[in-house]
Amino acid sequence: MMEDSTYSFVRSRRANVFIPNHTHSKYEFVYFFSGKGTLNYEGKTIQFSAGTYYIMESQVVHSELYENTGISLVVQFMPPESLKIPSLVSNVSTLNIKEICTKMREELKNHFYGYDIIVDSHMREIVALIARMMHVKNGKGENTGGIINAILYIDQYFMTDITIDELAKESGYSPDHFRFLFKKQTNTTPKKYILNKRLKLAKKLLKESDLSITEICFRCGFESYSQFMTFFRTRANFTPNEYRNL
């Protein structure tokens, strides 16, 4: 599943409808089955028509003007950390986006059991395809699929005992090359990525649960209480107790 649940629907817009500047707390994906108009964001004015799709990052201000009646698919979602992409507008047909969106439209129309999971899966596929297209377009010749799988694994199991050597082996790289590719993909080292995940969870549990500091320490995957206390104080500038009482 996406990091946060998707919110999706099919909408119809009448002609000469203007949607003023607005933002969303999540990413927004829109595919236009029909209609045409103008999209404005980040100082850009772009024409859209049937077959056009866009992805708008969260909190990006944008507006739309519909010149005639049109139908579009709208999905608001949060992509996995490893597949975050910039805002874009495209009508590239080689990715089979139309076919995927048509399947999503049918799921939303029929609401059969499990439709939301299928829609989420299709949205993940679209994001992955666009990320792959941008990866090739930017001339990054090396296949980083193994790194992406490693990141997704860490996102799920960062609170468990994870070794870099094992991740590298499963990804098909030597430990040193794995570290190099991981940092290239995430701008941080595997160890720091894991620790950042653990720190984020620790902060959440301190604020939202009554668990003891010791319980939080081991639930987040730290090897010892002293390691947790030192790391937390260094990174958060507070002891866990002080952070909980802020």
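Anything mentioned here points back to the structure above.
As a starting point, this report considers the structure included with it. (Residues numbered from 1 in each chain as written. Predicted model: local features only at pLDDT ≥ 70, side-chain atom pairs only at ≥ 80, totals over all residues. Heavy atoms only, no water.)

1. Examining helix α5 (residues 175–186)
Step number 1: The end-to-end C-alpha distance of α5, which contains 12 residues, comes to 16 Å, matching closely the 16 Å that a straight helix rising 1.5 Å per residue would cover.
Step number 2: For α5, the complete set of buried residues consists of F178, L181 and F182. All buried residues of α5 fall inside an arc of 105 degrees around its axis, so they share one side. Of the exposed residues in α5, the ones pointing more than 90 degrees away from its buried face are D176 and K184.
Step number 3: Directly after α5, the chain includes N187, whose backbone phi takes a positive value near 65 degrees. (Helix = DSSP H or I, 4+ residues; strand = E, 2+ residues; numbered from the N terminus. Expected span 1.5 Å × (residues − 1). Buried < 20%, exposed > 50% of the residue type's maximum accessible area, 1.4 Å probe, protein only. Arc of directions from axis to C-beta.)

2. Focus: the pattern of salt bridges
Step number 1: For the coordinates displayed, the defined rule picks out four salt bridges.
Step number 2: A salt bridge links D155 to K197, with the shortest nitrogen-to-oxygen separation between them at 3.4 Å. Linking D155 in helix α3 (residues 145–157) with K197 in helix α6 (residues 190–208), this pair joins segments that are 42 residues apart in sequence.
Step number 3: Looking at D155, the relative accessible area reads 16%, which means it is buried.
Step number 4: Between R179 and D176 there is a salt bridge, with its nearest N and O atoms 3.6 Å apart. Here R179 and its partner D176 are both found in helix α5, three residues apart, which amounts to about one turn of the helix.
Step number 5: A relative accessible area of 35% means that R179 is categorised as partly exposed.
Step number 6: The class for D176 is exposed, based on a relative accessible area of 61%. (Salt bridge = Lys/Arg side-chain N within 4 Å of Asp/Glu carboxyl O.)

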